[in-house]
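The lines below spell out each chain.
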Amino acid sequence: MPFQFTLILLIAVIIFIAKTFKIVPQQTALIIERLGRFHAVLAPGLNFVIPFVDRVAYKHSLKEIPLDIPSQVCITRDNTQLQVDGILYFQVVDPKMASYGTSDFVMAISQLAQTTLRSVIGKLEMDKTFEERDDINRTVVAALDEAATSWGVKVLRYEIKDLTPPQAILHSMQQQITAEREKRARIAQSEGVKQEQINLATGQREAAIQKSQGDMQANINQSEGERQAQINRASGEAEALRLVAHATAEAVSVVAKAIESPGGLEAINLKVAEQYVSAFGNIAKTSNTMLLPSNAADVAGMVATAMSVVKAANKEKTN
């Protein structure tokens, strides 16, 4: 009997000790009530409580919690029904308020998210709901966060997962998108044709400009060539005249020297007489009419006259 009592006492001590120590995991909060009243929030780690006096009333996770908001039908400003569902992210920041602020803060947040979403979408037209999803999300978060403060909960963000209009609206939207794409394709094609015509016109204009510039340059080159040819011909003619004059001067000089040499005068007389006779012979060949001097038989007189001229010129040269 004493052994049984000792065993029972030992078991009671073990149970008492086990009830005295509470190990709280990280990111977890335990709400302790003492004799039915709130006593403390146990932080993560080893904690001491009074067995049979203190009890764990609530247990909360302090991690970020995703909450799936059920799908619901929302009516837009233009009376279009949209099937909307989303996901909400929240976190318990005050375990005491989360325990005593509401009987079920998860259900309260879910219901408030649905009503707030219906209210926000009811203020927008259907097209705007697709364009302003980010604004809708921010509005829902702001409304929920303000109300959830008294529940010890911090609403972090809200994301709309799906916005599904009725099938008739979807079909109309698809037709509108198809028409818009065809319109853009036609515009792009016309812009391409327009650009092609502009490029062709620009190419033709540049080709005409280059051709006119080429013709102008060819005319300039031709005129330059003709001018240079005329200069060359004039230079050649001038050089020929200079050479003829030079040759004539040399011939005259040679004749003058021949006259001054012994027997030169007699040779000149003979040459002049020969040329005189040859000239009268040529006149007789080319024409039936002949002009003769008054004394045509006196050839020697003509030669003598020519020689007198030669002698006079030679005398002037000597003086």
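Cut-offs used in this document
Residues numbered from 1 in each chain as written. Predicted model: local features only at pLDDT ≥ 70, side-chain atom pairs only at ≥ 80, totals over all residues. Heavy atoms only, no water. UniProt positions renumbered as here; feature names shortened; annotations may be inferred. Helix = DSSP H or I, 4+ residues; strand = E, 2+ residues; numbered from the N terminus. Buried < 20%, exposed > 50% of the residue type's maximum accessible area, 1.4 Å probe, protein only. Contact = heavy atoms within 4.5 Å. Areas by Shrake-Rupley, 256 points an atom, 1.4 Å probe, with all protein chains shown as cover. Phe/Tyr/Trp six-rings, centres within 6.5 Å; stacked < 30°, edge-to-face > 60°. Axes fitted to C-alpha atoms, helices over the stretch in contact; angles between N-to-C directions. Parallel < 35°, antiparallel > 145°, perpendicular 65-115°, else oblique. Left-handed = near helix turned anticlockwise from the far one by under 90°. Nonpolar A, V, L, I, M, F, W, Y, C, P; charged D, E, K, R; others polar. Pairing = 2+ DSSP bridges. pLDDT = per-residue confidence, 0-100. Polar contact = N/O pair within 3.5 Å; in protein donor to acceptor, adjacent residues only side chain to side chain.

As annotated in an unreviewed UniProt entry, the protein chain is Paraslipin from Deefgea piscis. Looking at the Sequence similarities (unreviewed entry) heading of the UniProt record, one finds this comment for the protein chain: "Belongs to the band 7/mec-2 family." Taken directly from UniProt, the Subcellular location (unreviewed entry) text for the protein chain runs: "Membrane".

Peer 1: Would you mind going over the overall build of the protein chain with me for this structure?
Peer 2: Helix and strand content of the protein chain: 8 helices and 8 strands. Looking at the protein chain residue by residue over its 319 residues, the buried ones come to 21%. Long-range contacts, defined as pairs at least 24 residues apart, comprise 63% of the intrachain contacts of the protein chain with a sequence gap of at least 6. As displayed, the protein chain offers around 22300 Å² of accessible surface, 59% of which is attributable to carbon and sulfur atoms.

Peer 1: Looking at this structure, I do not really get the packing of aromatic side chains. What am I missing?
Peer 2: In this description, an aromatic ring pair is defined by two values, namely the gap between the centres and the angle between the planes. Enumeration according to the criterion identifies 4 aromatic pairs in this entry. Note on Phe 38 and Tyr 100: the rings are 6.0 Å apart at their centroids and 80 degrees apart in plane angle, and the pair reads as edge-to-face. Of this pair, Phe 38 sits in strand 3 (residues 37–42) while Tyr 100 sits in helix 2 (residues 95–100), placing them 62 residues apart in sequence. The class for Phe 38 is partly exposed, based on a relative accessible area of 31%.

Peer 1: Please clarify how the packing of helix 3 (residues 105–122) against helix 5 (residues 133–148) should be interpreted in this entry.
Peer 2: Packed helices, taken two at a time, are described by their axes: the angle between them and the distance between them. Running from N to C, helix 3 and helix 5 cross one another at 135 degrees; their axes reach a closest spacing of 9 Å. One element, helix 3, and the other, helix 5, form an angle in the oblique class. For the crossing formed where helix 3 meets helix 5, the hand is right-handed. Contact residues: helix 3 offers Ile 109, Leu 112, Ala 113, Thr 116, Leu 117, Val 120 and Ile 121, while helix 5 offers Ile 136, Thr 139, Val 140, Ala 143, Leu 144 and Ala 147. The residue inventory of the contact of helix 3 with helix 5, partitioned by class, reads 11 nonpolar, 2 polar and no charged.

Peer 1: Which parts of the structure should I look at to understand the sheet that holds strand 5 (residues 54–61)?
Peer 2: What holds strands together in a sheet is hydrogen bonding between their backbones, with the strands either parallel or antiparallel. Read from one edge to the other, the open sheet built from 3 strands follows the order 3-2-5, with strand pairing classed as antiparallel. The open sheet terminates on both sides in strands that have one partner only, identified here as strand 3 and strand 5. With direction set aside, neighbouring strand axes in the sheet form an average angle of 25 degrees. Summarising the sheet, strand 2 (residues 28–34) and strand 3 pair through 5 bridges and their orientation is antiparallel. Looking at strand 3, one finds that Leu 30 is bridged to Leu 42.

Peer 1: For this particular structure, what's the right way to read the confidence of the model for the protein chain?
Peer 2: Detailed reading of the predicted coordinates is not advisable wherever pLDDT is low. Looking at the protein chain as a whole, its pLDDT mean stands at 80, while 78% of the residues score no less than 70. Mean pLDDT across the elements of the protein chain ranges from a minimum in helix 8 (residues 299–318), with 56, to a maximum in strand 7 (residues 81–92), with 91.

Peer 1: Honestly, unusual backbone geometry in this entry has me stumped. Any pointers?
Peer 2: What you tend to see is this: most non-glycine residues have negative phi, and most peptide bonds are trans. In this model, Phe 52 sits at a positive phi of 65 degrees, which is unusual for a non-glycine residue. Although it is not a glycine, Asn 79 adopts a positive phi angle of roughly 60 degrees. Along the chain, Asn 79 falls in the loop between strand 6 (64–75) and strand 7. Taking the relative accessible area as the measure of exposure, Asn 79 reaches 67% and is therefore exposed.

Peer 1: For this particular structure, what's the right way to read the side chain of Thr 20?
Peer 2: By secondary structure assignment, the location of Thr 20 is in helix 1 (residues 2–20). For Thr 20, a relative accessible area of 14% translates into the label buried. Apart from the residues lying within four places of it in its own chain, the contact partners of Thr 20 are Asn 47, Phe 48, Val 49 and Pro 51.

Peer 1: Would you take a moment to explain the side chain of Thr 76 for this structure?
Peer 2: With respect to the helices, strands and loops of the structure, Thr 76 is situated in the loop between strand 6 and strand 7. Reaching out from Thr 76, the side chain makes a polar contact with the side chain of Asp 78 at a distance of 2.4 Å. Other than its neighbours up to four places away in sequence, Thr 76 contacts Leu 82, Ile 121, Gly 122, Leu 124, Glu 125, Met 126 and Thr 129.

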